[in-house]
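The chain contents come next:
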Amino acid sequence: MRRSCLALPLAAAILAFGAPAWAEGVQEPADYRMEEYKAPVPDTLKGAKVIGTKEAEALWREKKAVFFDVMPDTPKPANLPAGTIWKDKVREDIPDSIWLANVGYGAIPEETAQYFRKSLEAGTASDKSKPILFYCMTNCWMSWNAAKRAVEWGYSSVIWYPPGADGWERAGLPLEENRPYSTGD
């Protein structure tokens, strides 16, 4: 009897702590995620390679991929009352990343799609086979959507890094302050 009393708690502990991070069973959707962007993500992305922090760090150190941060940004509102103090939110991301703000929503306006395409072309020197890595934050669908869009646009070496900038930081890796990329338009 004593052995069976210990077996149940042991089995529960193994299930709770021994399961992979994606064990919540999030299925890869057929289309873009359109809402609730901060939620558990799937462990797959058709047409892209999904990697963890050690692989991302190796790509970064060896400069074998272009890193794209797709965290949204809130620009200063145009019609703020006189005297209103506005402070831009500081974004710290993986060093040497290109921050493509607001391209990870499920539906993006044509102007944002053009910005995204031009930025990818600039970052890859128009080489659609160049490895490109997308990230945002842990459990952020923005990077999943952006990577999916790049795959659909014909990029053949798309990499998705689900742990994002906060997973990178938890691993003790450096971050640097960044500003959204401008295409000069």
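Only a predicted model underlies this, so the values are computations on that prediction, with no experimental measurement involved.

K.L.:
Could you clarify how one ought to interpret the sheet that holds strand β6 (residues 158–160) in this entry?
P.N.:
Strands pair in a sheet through their backbones, by hydrogen bonds, and they do so in one of two ways: parallel or antiparallel. With respect to topology, five strands assemble into an open sheet ordered β1-β6-β5-β2-β4, the strand pairing being parallel. Bordering the open sheet on either side are β1 (48–50) and β4 (98–99), each of which pairs with just one other strand. Taken together, the three bridges between strand β5 (residues 132–135) and β6 define a ladder with parallel strand orientation. Bridged to Leu133 within β6 is Ile159. Lying on the sheet, helix α2 (residues 53–61) is in contact with β1, β2 (66–69), β5 and β6; it crosses β2 at an angle near 120°.

K.L.:
Where do I start with the confidence of the model for the protein in this structure?
P.N.:
Residue-level pLDDT values for the protein average 88, and 87% of them are 70 or greater. Overall, residues 1–20 carries pLDDT values under 50, and its contacts beyond four positions in sequence, including any with other chains, amount to two contacts.

K.L.:
Would you explain the pattern of salt bridges in this entry?
P.N.:
Opposite charge on two side chains permits them to pair, given that their charged atoms come into close proximity. What the rule picks out here adds up to seven salt bridges. Two residues, Arg179 and Glu177, come together in a salt bridge whose shortest N-O distance is 3.5 Å. Here Glu177 falls in the partly exposed class, since its relative accessible area comes to 48%.

K.L.:
Can you help me understand the pairing of β2 in this one?
P.N.:
Regular strands place their side chains on alternate faces of the sheet. Because side chains alternate across β2, one face comprises the buried residues Val66 and Phe68, and the other comprises Phe67 and Asp69, equally buried. Pairing of β2 with β5 involves four bridges; the strand directions are parallel. If you follow Phe67 over to β5, its bridge partner there is Leu133. Bridge analysis of β2 against β4 gives two bridges, and the strand direction is parallel. Each residue of the ladder has a partner; that of Asp69, found in β4, is Trp99.

K.L.:
I keep staring at the environment of Ile108 and nothing clicks. Help me out?
P.N.:
Note that Ile108 resides in the loop between β4 and α3 (110–124). In this view, Ile108 contacts Asn102, Val103, Ala113 and Arg149; residues no more than four positions away in its chain are not counted.

K.L.:
Is there a simple way to explain the packing of aromatic side chains in this structure?
P.N.:
Describing an aromatic ring pair means giving the distance of the ring centres and the angle of the ring planes. Counting across every chain of the model gives seven aromatic pairs. When the centroid spacing of 5.3 Å and the interplanar angle of 85° are considered together, the rings of Tyr37 and Tyr105 count as edge-to-face. Within this pair, whereas Tyr37 is found in the loop between α1 (2–18) and β1, its partner Tyr105 is found in the loop between β4 and α3, the two being separated by 68 residues in sequence. Among the residues examined, Tyr105 registers a relative accessible area of 31% and is labelled partly exposed. Seen in terms of ring centroids, Phe68 and Phe134 are 5.5 Å apart; in terms of plane orientation they differ by 20°. Their pairing is stacked. Note that Phe68 is positioned in strand β2 and Phe134 in strand β5, a separation of 66 residues in sequence. Neither residue differs from the other here; Phe68 and Phe134 are each classed as buried. Every member of this aromatic cluster is reached through a ring pair, and the members are Phe68, Phe116, Phe134 and Trp153. Taking the ring centre of Trp153 as reference, the NZ or CZ of Arg117 above it sits at 4.0 Å. Its end group placed over the ring of Tyr32, Arg149 keeps NZ or CZ at 4.1 Å from the ring centre.

K.L.:
It is not clear to me how helix α4 (residues 141–152) should be interpreted in this structure. Could you clarify?
P.N.:
Helical periodicity: at 3.6 residues per turn, an α-helix aligns residues three or four positions apart in one direction. The end-to-end C-alpha separation of α4 is 16 Å, in line with the 16 Å expected for twelve residues at 1.5 Å each. The buried count for α4 comes to ten of twelve residues, which makes it a mostly enclosed element. All of the buried residues in α4 are Trp141, Met142, Ser143, Trp144, Asn145, Ala146, Ala147, Lys148, Arg149 and Ala150. In this structure, the buried side of α4 is in contact with α3, β5 and β6. Positioned one or two residues after α4, Gly154 has a phi angle of 95°, which is positive.

Basis of the calculations
- Residues numbered from 1 in each chain as written.
- Predicted model: local features only at pLDDT ≥ 70, side-chain atom pairs only at ≥ 80, totals over all residues.
- Heavy atoms only, no water.
- Pairing = 2+ DSSP bridges.
- Helix = DSSP H or I, 4+ residues; strand = E, 2+ residues; numbered from the N terminus.
- Contact = heavy atoms within 4.5 Å.
- Axes fitted to C-alpha atoms, helices over the stretch in contact; angles between N-to-C directions.
- pLDDT = per-residue confidence, 0-100.
- Salt bridge = Lys/Arg side-chain N within 4 Å of Asp/Glu carboxyl O.
- Buried < 20%, exposed > 50% of the residue type's maximum accessible area, 1.4 Å probe, protein only.
- Phe/Tyr/Trp six-rings, centres within 6.5 Å; stacked < 30°, edge-to-face > 60°.
- Lys NZ or Arg CZ within 6 Å of the ring centre and 35° of its normal.
- Expected span 1.5 Å × (residues − 1).

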